[in-house]
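The chain contents come next:
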Amino acid sequence: MSSGYRSRQERDADVAKTRAETEKLRAEAAGAAQVAEVGAAKTETDKLAEQIKQAKLRKQLSEVNDTAKDDNSRRKAQRREQRAEDGHVFKLLVNIVMTLGLLAALPAQISYFINLHRPDDKNPSPAWSLAPVPFFLEILAWVGVQGTKWAHRKGLPRWPFWLLTASLAATAGYINMAHGAAEYGIVAGLALAATSVIGPLLAEVRQYLESKAAEDGRSLQQRAKDRRAERDAAKVRRAQEKVWQTEDEDRAEEYPNEFKEFRRIMIAYPTGAISRETAWERAWDTCHALPLSVTAGSLAAREVARTAIETLLEDADRSPESVAVDLFLTAAFQSGGGDDGPTGAPAGGLPGGPTGGGSRARSVDPQETATALGGKGKRAIRVRAAKAPEKPLSEADLDKVRRLADGLGDVDKLSLSNVRTAVGGGRNEYLVRLRDAVRTERQK
């Protein structure tokens, strides 16, 4: 028989064992709870993902439905636009009017023809032999309508079919009017006449409009755009015409001879073959033989002004200051060389030679030097460049100078400035030879 006594170590071991088992159970419970939480979270995530997927699908389905509705609306709008462009409603109504016209006109004409009889017939009977005549008249009118359509497709003249349709429709209309007026009054007669005339008339109008539409393949928007462009172009054209009118009035008042020549040139050319600017330049050249806006008088005035300016500049060049500069340069260049010494500047001369220090030195003529130095025996040195070969005189430039002399009226009035203006510039030596050549020609 075992004793119930347990040692302290045994009891502590049991307590530790129990505690360990408790911790294990607690850990297992916590793990199970965590697994359950993870499973619940995964379930919620799956639910949210499914909801998002469903929302996306609903959105896509809504977009597909909206796109389908838009496409359907667009197709309907295109069909309406196409029907309006083709005149579908107008053509349909024309067909209805023609059908109703035949239904109203034929019975009236049949009644009229079968009730005809001879004046001496005591017991008249229906004239059944005349019953096909209304069909003949009405159908023949429509033969003219169809003939017009065929002639248009083949590019043939349509007026014979128009005459046929008009004459037969007018005949049928007159018969209906006379019969209706006699039986039911003038109003009924006019209405019955309209049933025979309006149908073929509308058919011809429809055919005419269709032919015009076939020739003009533009859409409604394009036609509206073209009409706006035409209106804008017309406004610009009217404004330009007003400007031209004012310009012509000013030219006719200020330059009557030139304007007369301008009108002659414009009339001589076919319309649009020459521009107004070119015609005016030619008229000016014919009258003045000078560039546009330049006359012999204005050229002479320019020459007078140029001569005055040149005279003023020459006077300025011979001022006391310029004389002093000439004396200084002459003394500087010849110092240390004596009267017959070297021409080179000495070491104490101006740096950089004749233009030392960037100063502007004027080449001094020997006679001018003698005058400026007052006979002191000093000799100025003038360096001359090698003379370039003479440029041959251009025949075109000679012609310009000849026309200039004709405009001035005298070769003695030729000067370097107006010759330079006439030929468009050049070296003085070349211009002098041009002037002298023309003077020599005219003086022979």
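As the structure is a computational prediction, the values presented were derived from the model and not from experiment.

To continue, consider the overall build of the protein. From N to C terminus, the protein includes 14 helices and zero strands. Of the regular secondary structure in the protein, the N- to C-terminal order runs α-α-α-α-α-α-α-α-α-α-α-α-α-α. The burial tally for the protein puts 22% of its 444 residues in the buried class. Put simply, of all contacts in the protein between residues at least 6 apart along the chain, 55% involve residues at least 24 apart. By element, 58% of the accessible surface of the protein is carried by carbon and sulfur atoms, the whole surface being about 31400 Å².

Within the structure shown, the criterion is met by six aromatic pairs. Judged by centre distance (5.2 Å) and plane angle (80°), the rings of Y255 and W284 are edge-to-face. Pair noted here: Y255 is in the loop between α6 (220-254) and α7 (256-268) and W284 is in helix α8 (residues 276-288), with a separation of 29 residues, a long-range link. With relative accessibility at 32%, the residue Y255 sits in the partly exposed group. Both rings, one in F259 and one in F262, keep their centres 5.8 Å apart while their planes meet at 35°; by these two values the pair is tilted.

As for its position among the elements, R251 is in helix α6. Discounting chain neighbours no more than four positions away, the residues touching R251 are P256, F259, F262, R276 and W280.

All right, on to the pattern of salt bridges then. Inspection of the entire model under this criterion finds eleven salt bridges. Measuring nitrogen to oxygen at the nearest pair gives 2.5 Å for the salt bridge that ties E429 to R433. In this pair, E429 and R433 are both assigned in helix α14 (residues 428-443), four residues apart and thus about one turn of the helix distant. Judged by its relative accessible area of 35%, E429 falls in the partly exposed class. Judged by its relative accessible area of 19%, R433 is buried. Among the charged side chains, a network of salt bridges with common partners joins E247, D248, R251 and R276.

All right, on to the packing of α7 against α8 then. The relative placement of two packed helices is expressed as an angle between their axes plus a distance between the axes. As a packed pair, α7 and α8 sit with axes 8 Å apart at the nearest point and diverge in direction by 130°. Judged on the interaxial angle alone, α8 and α7 are oblique. When you trace α7 past α8, the crossing you get is right-handed. On α8, the residues touching N257, E258, F259, E261, F262, I265 and M266 of α7 are R276, A279, W280, R282, A283, W284, T286, C287 and H288.

Moving on, we get to the confidence of the model for the protein. Close reading of the predicted structure is inappropriate where its pLDDT is low. When pLDDT is averaged along the protein, the result is 75; 78% of the residues meet or exceed 70. The low-confidence segment residues 336-386 (pLDDT under 50) makes 46 contacts with residues lying over four places distant or belonging to another chain.

Rules behind the numbers
- Residues numbered from 1 in each chain as written.
- Predicted model: local features only at pLDDT ≥ 70, side-chain atom pairs only at ≥ 80, totals over all residues.
- Heavy atoms only, no water.
- Helix = DSSP H or I, 4+ residues; strand = E, 2+ residues; numbered from the N terminus.
- Buried < 20%, exposed > 50% of the residue type's maximum accessible area, 1.4 Å probe, protein only.
- Contact = heavy atoms within 4.5 Å.
- Areas by Shrake-Rupley, 256 points an atom, 1.4 Å probe, with all protein chains shown as cover.
- Phe/Tyr/Trp six-rings, centres within 6.5 Å; stacked < 30°, edge-to-face > 60°.
- Salt bridge = Lys/Arg side-chain N within 4 Å of Asp/Glu carboxyl O.
- Axes fitted to C-alpha atoms, helices over the stretch in contact; angles between N-to-C directions.
- Parallel < 35°, antiparallel > 145°, perpendicular 65-115°, else oblique.
- Left-handed = near helix turned anticlockwise from the far one by under 90°.
- pLDDT = per-residue confidence, 0-100.

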